[in-house]
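Breakdown of the fold
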Amino acid sequence: MDTGKKAWQFLARMLVSVALTVVVTAVLFVLLHGMPIWGVPSPEEVELVRVEFLGTGKTTEVTGREDIGLAVKLLNHLNYQPFTPVSEDSEEVGPDVAVTYVLRDGRELTAGANWITGWWGGEAHALKEPDVFVNVAEGLFGQ
């Protein structure tokens, strides 16, 4: 009986230790890299990617598997700073680049960004790494 109680205490202590480690690791990740966006499609789900540079009006459509994979990885640069308000000036101006992911089931998901703000799922967020999304989109899909 005493052995069973000790086993449960050991298990409880182990679970608390693991939970605390997970929480501390997650907090450190968000502090260093920003909060990742949710609902990112896998490259296999995407049929077509449309990249629009809104300042110049240039649009590029991507259908190759490798290019679609790069376009999906581009969403890693939309990590944002939680609890940071979005600049009003930036929100009024809107995105400089918009990337639309057309999924095989017909849905469309659109990401956008300007120099300091990112948009995903209709919500604006203060980017953790300003300019990176726009610069990488320009480098990959040309302007």
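Right above here is the structure, for reference.
Conventions used here
Along every chain, residues carry numbers that run from 1 in the direction the sequence is written. The predicted nature of this model means local features are confined to residues of pLDDT at least 70 and side-chain atom pairs, given and counted, to a pLDDT of 80 or more, with totals for whole chains, interfaces and linings taken over all residues. Side-chain metrics rest on all non-hydrogen atoms present in the structure, leaving aside hydrogens and water. A pair is scored as a salt bridge if a Lys or Arg side-chain nitrogen falls within 4 Å of a carboxyl oxygen belonging to Asp or Glu. Numbering goes from the N terminus for both helices and strands, where a helix is a DSSP run of H or I of at least four residues and a strand is a run of E of at least two. For every residue, the accessible area (1.4 Å probe, protein chains only) is compared with the maximum for its type, and the residue is labelled buried under 20%, exposed over 50%, or partly exposed between those bounds. In this description, the arc belongs to the directions extending from the helix axis to the C-beta atoms. When checking whether two residues touch, look at their non-hydrogen atoms; a contact exists if any pair is within 4.5 Å. Note that patches include only residues with greater than 30% relative accessible area and no salt bridge, and the join distances are 9 Å for like charges and 5 Å for nonpolar side chains (Val, Leu, Ile, Met, Phe, Trp, Tyr). Per-residue accessibility takes into account occlusion by the displayed protein chains alone, with areas from the Shrake-Rupley method and a 1.4 Å probe. Residues scored as charged are limited to Lys and Arg (positive) and Asp and Glu (negative), so that His and the chain ends carry no count. Charge coordinates come from a single atom per side chain, which is NZ of Lys, CZ of Arg, CG of Asp or CD of Glu. Two strands are said to pair when DSSP picks up at least two bridges between them.

**Quick word on the pattern of salt bridges**
According to the stated counting rule, one finds 3 salt bridges in the structure shown. Taking the shortest distance from any N to any O, the salt bridge between Glu61 and Arg50 comes out at 3.9 Å. Linking Glu61 in strand S2 (residues 58–62) with Arg50 in strand S1 (residues 46–53), this pair joins segments that are 11 residues apart in sequence. Among the charged side chains, a salt-bridge network with shared partners connects Arg50, Glu61 and Glu108.

**Quick look at helix H2 (residues 65–73)**
Along H2, the residues that are buried comprise Ile68, Gly69, Ala71 and Val72. The buried residues of H2 all sit within an arc of 160° when viewed along its axis, so they share a single face. For H2, the exposed residues lying more than 90 degrees away from the buried face are Glu66 and Lys73. Against the buried residues of H2 lie S1, S2, strand S3 (97–103) and helix H4 (132–141).

**Brief notes about unusual backbone geometry**
The phi dihedral of Phe83 falls on the positive side, at around 65°, and the residue is not glycine. Along the polypeptide, Phe83 turns up in the loop between H2 and helix H3 (88–93). For Phe83, a relative accessible area of 86% puts it in the exposed group. Residue Asp131 is not a glycine yet carries a positive backbone phi of 75°. Here Asp131 shows up in the loop between strand S6 (123–126) and H4.

**Regarding a negative patch on the surface**
A cluster of acidic residues, Glu88, Asp89, Glu91 and Glu92, forms a negative patch at the surface. Within the element layout of this structure, Asp89 appears in helix H3. For Asp89, a relative accessible area of 54% gives the class exposed.

**Structural notes on the pairing of strand S5 (residues 117–120)**
It is a general feature of regular strands that their side chains alternate between the two faces of the sheet. Burial of S5 is two-sided: the residues Thr117 and Trp119 facing one way and the residues Gly118 and Trp120 facing the other way are all buried. Pairing of strand S4 (residues 108–113) with S5, which is carried by 3 bridges, proceeds in the antiparallel orientation. Bridging across to S5, Ala111 finds its partner in Trp120. The turn linking S4 back onto S5 is made up of 3 residues. The sheet contact formed by S5 and S6 spans 4 bridges and is antiparallel. Its bridge partner being in S6, Gly118 is matched across the sheet by His125.

**A short note on the pairing of S4**
Pairing analysis gives 6 bridges linking S3 to S4, with the strands arranged antiparallel. Paired with Val99 across the two strands is Ala111, which belongs to S4. Connecting S3 to the next strand, S4, in antiparallel fashion are 4 residues, including Gly106 with a positive phi near 95°.

**What about H4?**
Residues Phe133, Val134, Ala137 and Phe141 constitute the buried set of H4. Angularly, the buried residues of H4 cover 95° about the axis, an arc narrow enough to put them on a single face. Buried residues belonging to H4 abut S1, S2, H2, S3 and S4. Positive backbone phi, at 55°, marks Gly142, one or two positions downstream of H4.

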